[in-house]
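One-letter residues, chain by chain:
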Amino acid sequence: MSQDCFTKIGTLPEDFPVHMTPIISIRDLEKTYSGGFQALKSVSLDINAGEVFALLGPNGAGKTTLISTICGLVQPSSGQVFIGGHDNQTSYRQARRLVGLVPQEMPTVQFEGVRDLVRLSRGLFGLAPDEKLLEEILKDLSLWDKRDAAMKELSGGMKRRVLVAKALIHQPKILFLDEPTAGVDVELRRDMWRIVSRLRDKGVTIILTTHYIEEAEEMADRVGVINNGELILVEEKAALMSKLGRKELMIELSDTLPEIPESLKGYGLELGAEGRSLRYTYDAQGERTGITGLLNALAEAGLRFDDIHTKQSSLEEIFVDLVRAN
Amino acid sequence: MNFQAMKSIYFWEMARTRRTLMQSVVSPVLSTSLYFVVFGGAIGSRISEVDGVSYGAFIVPGLIMLSLMTQSLSNASFGIYFPQFTGMIYEVLSAPVSFLEITVAYVGAAATKAMIVGLIIFLTAGFFVPIEVQHPVWMVTFFLLTAITFALFGFIIGIWADNFEKLQFLPLLIVTPLAFLGGSFYSIDMLPEAWQKVALLNPVVYLISGFRWSFYGQSDVSLGLSISMTMIFLGVCLYVVRWIFKTGYKLKP
Ligand SMILES: Nc1ncnc2c1ncn2[C@@H]1O[C@H](COP(=O)(O)OP(=O)(O)O)[C@@H](O)[C@H]1O
Ligand SMILES: [Mg+2]
């Protein structure tokens, strides 16, 4: 796909200050389903042009509801969404032209052919057929060999690629991927990451939801955590990890230690299996890590060690902590 | 207007028919021929004429109407139900397409297919009995209005239905009986007095009567009444569709 195939489609308003205004702006969005269940509680969020934003949250947190409301599939109870400066309700045509959506649920179409399905998507966005672009996208997604296959002949992973092709064929500036790698094989997951990073290089803004933390860790620039319909945190990924991340210091002992000596009790150490290691947890952002004091205390207690190393807690652990705290 | 999108949906729907060509074209030809054998031949030989028209010729407009109504209805209801069933509807609903454009495309395709079938029946019938059309413009008008109205009605059913049973239920339990009792095979004044009054409550009577009038110049009810009733039915369907779009009923939670 050439660089310009993503830039020539979709219009931002003339006076749209590209560098100052977020490409998606969500204001106090609420959704209460007809059954009375409140799935979104006053969500406000800005997505910057060109970033990869990962929306993390456990099942039922409201990720799909949020995406569906932005894309016009769910009617919000209150609040507003602006896409490229266009209100997604009053100027839905302009707003939607900028957006491609890969839904979470795989449609159960059977007999339709791959190319026909992708052509239909382009038509729906009001664009004339473009067979060259179609070929490029299908080749890019390793679907070219299957171009005339019916959906029922494809594996689950291949079907998901077709959905991606459908979402890309109108050259959107913004791509939503709702759990793109849920239940897919390792190969497709890696492929999906590759696709995301290439689209990102082309300037496409990507919002993906996932409950695999490693995915956010691998791909995202920023992470939002949603739980029970509330956006509880939005943070640069790196900042999030260092801010909330706790570090561990592992001390591999030279000799077996039956129990933690009295003089070291104040450090909250954990004795590892067989008494050959000690684990010390500290706040990486804290004023004092207490490491110097600990090492001195170890020496005073006459403990010798072969090795020490540190480990940063992963997003997974941060996430579990966060959700538990809420 | 997003004409490209309407065109895409329309031809997508038309293409779906091609896969089921046998069902869409062969079966109406077959069933029409059977009607002629049974009603035109076996029974018709005992009923010589209705209002000066041979019985075989008399039932032609009714037969066409019957197919037109049931086909428009089932095409449209299935056409919009299917993407909801498969989940593919997300694509149409998140595209820069208005509800009006969606309706025109789906209803247009359903009506087109039904009219093709109607035309095939018309031509098939011509092999069995001599047919004359006294008022071709009115004939086309009733043909079009009926196809569009019932396609709209089907579209509503397709959105309302959330399972296959419901999708079949209304057409089978309400529309088919009304269509059969609507005077396809008999003139209303062949009924006992009391039943004639009941029959006039059936909206289909007006459609068939008007359509038959455009063929043979005679009808059970006046042309004005026929056309007004058709328009009222069309108006009601349009109103309901508008309401569906305003509220997002079933389409947008
Ligand atoms: N159409 C609907 N009607 C009623 N409740 C719904 C509907 N869709 C989702 N929900 C509820 O809203 C909550 C959030 O769902 P969802 O947005 O799908 O979560 P996630 O994508 O984060 O797993 C869930 O409790 C779900 O049961
Ligand atoms: Mg979800």
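Residues numbered from 1 in each chain as written. Chains lettered and ligands numbered in written order. Predicted model: local features only at pLDDT ≥ 70, side-chain atom pairs only at ≥ 80, totals over all residues. Heavy atoms only, no water.

With that out of the way, let us pick up the overall build of chain A. Per the secondary structure count, chain A includes ten helices and 14 strands. Buried residues in chain A amount to 50% of all 326 residues. Counting contacts in chain A only where the partners sit at least 6 residues apart, residues at least 24 apart contribute 70% of the total. Within the structure as shown, chain A displays about 15100 Å² of accessible surface, and the carbon and sulfur contribution to it stands at 47%. (Helix = DSSP H or I, 4+ residues; strand = E, 2+ residues; numbered from the N terminus. Buried < 20%, exposed > 50% of the residue type's maximum accessible area, 1.4 Å probe, protein only. Contact = heavy atoms within 4.5 Å. Areas by Shrake-Rupley, 256 points an atom, 1.4 Å probe, with all protein chains shown as cover.)

Attention now moves to the coordination of the magnesium ion (ligand 2). Bound to the magnesium ion (ligand 2) are the protein donor atoms Thr 64 of chain A (OG1) and Gln 104 of chain A (OE1), situated 2.0 to 2.1 Å from the metal. Of this pair, Thr 64 of chain A sits in helix α1 (residues 63-71) while Gln 104 of chain A sits in the loop between β6 (99-102) and α3 (114-124), and the two are 40 residues apart along the sequence. (Donors = N, O, S within 2.8 Å, 3.2 Å for Na, K, Ca; no water.)

A word on the site of ligand 1. All residues in the neighbourhood of ligand 1 are listed as Tyr 33, Phe 37, Ala 39, Pro 58, Asn 59, Gly 60, Ala 61, Gly 62, Lys 63, Thr 64 and Thr 65 of chain A together with Pro 253 of chain B. Between Ala 61 of chain A and ligand 1, the recorded distance is 3.2 Å, taken from a backbone N or O atom to an oxygen atom. Here an oxygen atom of ligand 1 and a backbone polar atom of Lys 63 of chain A are 2.8 Å apart. Here the shell around ligand 1 gets three residues from one element, more than from any other, and that element is α1 of chain A. (Near = heavy atom within 4 Å. Polar contact = N/O pair within 3.5 Å; in protein donor to acceptor, adjacent residues only side chain to side chain.)

Residue and element names in this part refer to chain B. The sites that UniProt annotates as "transmembrane region" (unreviewed entry) are residues 21-43, 55-76, 114-131, 138-161, 167-186, 198-215 and 221-245. The span residues 167-186 is 70% helical and 0% strand by assignment, and the distance between its end C-alpha atoms comes to 29 Å. Secondary structure across residues 198-215 divides into 83% helix and 0% strand, with the first and last C-alpha atoms of the span separated by 25 Å. (UniProt positions renumbered as here; feature names shortened; annotations may be inferred.)

All names here are of chain B. According to the stated counting rule, one finds 20 aromatic pairs over all chains in the structure shown. Judged by centre distance (6.4 Å) and plane angle (75 degrees), the ring pair of Trp 138 and Trp 213 falls under edge-to-face. Of this pair, Trp 138 sits in helix α6 (residues 136-160) while Trp 213 sits in helix α9 (residues 203-216); the two residues are 75 residues apart in sequence, bridging distant segments of the chain. A relative accessible area of 16% places Trp 213 in the buried class. An aromatic cluster is built from Phe 122, Phe 143, Phe 211, Phe 215 and Tyr 216, whose rings are joined through pairwise contacts. (Phe/Tyr/Trp six-rings, centres within 6.5 Å; stacked < 30°, edge-to-face > 60°.)

Turning our attention to the sheet that holds strand β9 (residues 222-227) of chain A. Residue and element names in this part refer to chain A. Spatial strand order, β6-β7-β8-β3-β9-β10: six strands in an open sheet with mixed pairing. Among the strands making up the open sheet, the edge pair consists of β6 and β10 (230-236). The sheet shows a mean angle of 15 degrees between the axes of neighbouring strands, taken without regard to direction. Across five bridges, the pairing between strand β3 (residues 52-56) and strand β8 (residues 205-210) is parallel. If you follow Leu 56 over to β8, its bridge partner there is Thr 210. (Pairing = 2+ DSSP bridges. Axes fitted to C-alpha atoms, helices over the stretch in contact; angles between N-to-C directions.)

Where nonpolar side chains cluster on the molecular surface, the patch consists of Met 1, Phe 3, Leu 100 and Val 104 of chain B and spans about 450 Å² of accessible area. For Met 1 of chain B, the location among the structural elements is in the segment before α1 (3-19). (Patch = residues over 30% accessible without salt bridge, like charges linked within 9 Å, V, L, I, M, F, W, Y side chains within 5 Å. Salt bridge = Lys/Arg side-chain N within 4 Å of Asp/Glu carboxyl O.)

All names here are of chain A. The sheet built from four strands is open, its strands ordered β2-β1-β4-β5 with antiparallel pairing. On the outer flanks of this sheet lie β2 (38-47) and β5 (86-87), each paired with one strand and no other. Bridge count for strand β4 (residues 78-83) against β5 is two bridges, and the pairing is antiparallel. Counted as the bridge partner of Ile 83 is His 86 from β5.

For side chains of opposite charge, pairing can occur when their charged atoms come near one another. Residues and elements named next belong to chain A. According to the stated counting rule, one finds 19 salt bridges over all chains in the structure shown. Note that Asp 148 and Arg 115 form a salt bridge whose closest N and O atoms lie 3.0 Å from each other. Of this pair, Asp 148 sits in the loop between α4 (131-140) and α5 (156-168) while Arg 115 sits in helix α3; the two residues are 33 residues apart in sequence, bridging distant segments of the chain. Given the relative accessible area of 56%, Asp 148 is considered exposed. With a shortest N-O distance of 4.0 Å, Glu 136 and Lys 132 are connected by a salt bridge. Of this pair, Glu 136 and Lys 132 both sit in helix α4, four residues apart, which is roughly one turn of the helix.

Let's shift gears to the packing of helix α3 (residues 55-86) of chain B against helix α7 (residues 164-180) of chain B. Helix packing for two helices is described by the angle between their axes and how far apart those axes are. Residues and elements named next belong to chain B. The interhelical angle for the contact between α3 and α7, taken along N-to-C directions, is 170 degrees, at an axis separation of 11 Å. In terms of their interaxial angle, α3 and α7 are classed as roughly antiparallel. Contacts between α3 and α7 involve Leu 66, Met 69, Leu 73, Ser 77, Phe 78, Tyr 81 and Phe 85 from the former and Phe 164, Leu 167, Pro 171, Val 175, Ala 179 and Phe 180 from the latter. Here the residues of the contact of α3 with α7 are counted per class, giving twelve nonpolar, one polar and no charged. (Parallel < 35°, antiparallel > 145°, perpendicular 65-115°, else oblique. Nonpolar A, V, L, I, M, F, W, Y, C, P; charged D, E, K, R; others polar.)

Turning next to the packing of α3 of chain B against helix α5 (residues 99-128) of chain B. Residues and elements named next belong to chain B. Between α3 and α5, the shortest axis-to-axis distance is 8 Å and the interhelical angle comes to 150 degrees. Relative to α5, the element α3 is oriented roughly antiparallel. In the crossing of α3 with α5, the sense of the turn from one axis to the other is right-handed. Each of Val 60, Ile 64, Ser 67, Leu 68, Gln 71, Ser 72, Asn 75, Ala 76, Gly 79, Ile 80 and Pro 83 in α3 lies in contact with α5, whose residues at this interface are Tyr 106, Ala 110, Lys 113, Ala 114, Met 115, Val 117, Gly 118, Ile 121, Phe 122 and Ala 125. Among the residues forming the contact of α3 with α5, the class breakdown is 14 nonpolar, six polar and one charged. (Left-handed = near helix turned anticlockwise from the far one by under 90°.)

This part takes up the environment of Lys 252 of chain B. Structurally, Lys 252 of chain B can be placed in the segment after α10 (223-247). For Lys 252 of chain B, a relative accessible area of 15% translates into the label buried. Lys 252 of chain B sits 162 residues away from Tyr 90 of chain B along the chain, and the two C-alpha atoms are 9.7 Å apart. In contact with Lys 252 of chain B, not counting residues within four places along its chain, are Gly 72, Leu 73, Gln 75 and Arg 96 of chain A together with Phe 99 of chain B.

This part is about the interface of chain B and chain A. Listed by partner, the interface residues are 26 residues for chain B and 32 residues for chain A. Buried surface at the junction of chain B and chain A, both sides included, amounts to about 2500 Å², of which 63% is carbon and sulfur. A per-residue breakdown of the area chain B buries against chain A is headed by Trp 12, Tyr 90 and Pro 96 of chain B, which together make up 27% of the total. Taken together, the links from chain B to chain A amount to two salt bridges. One salt bridge in this structure joins Glu 91 of chain B and Lys 166 of chain A, with 3.0 Å as the shortest N-O distance. (Buried area = accessible area lost by both parts, 1.4 Å probe.)

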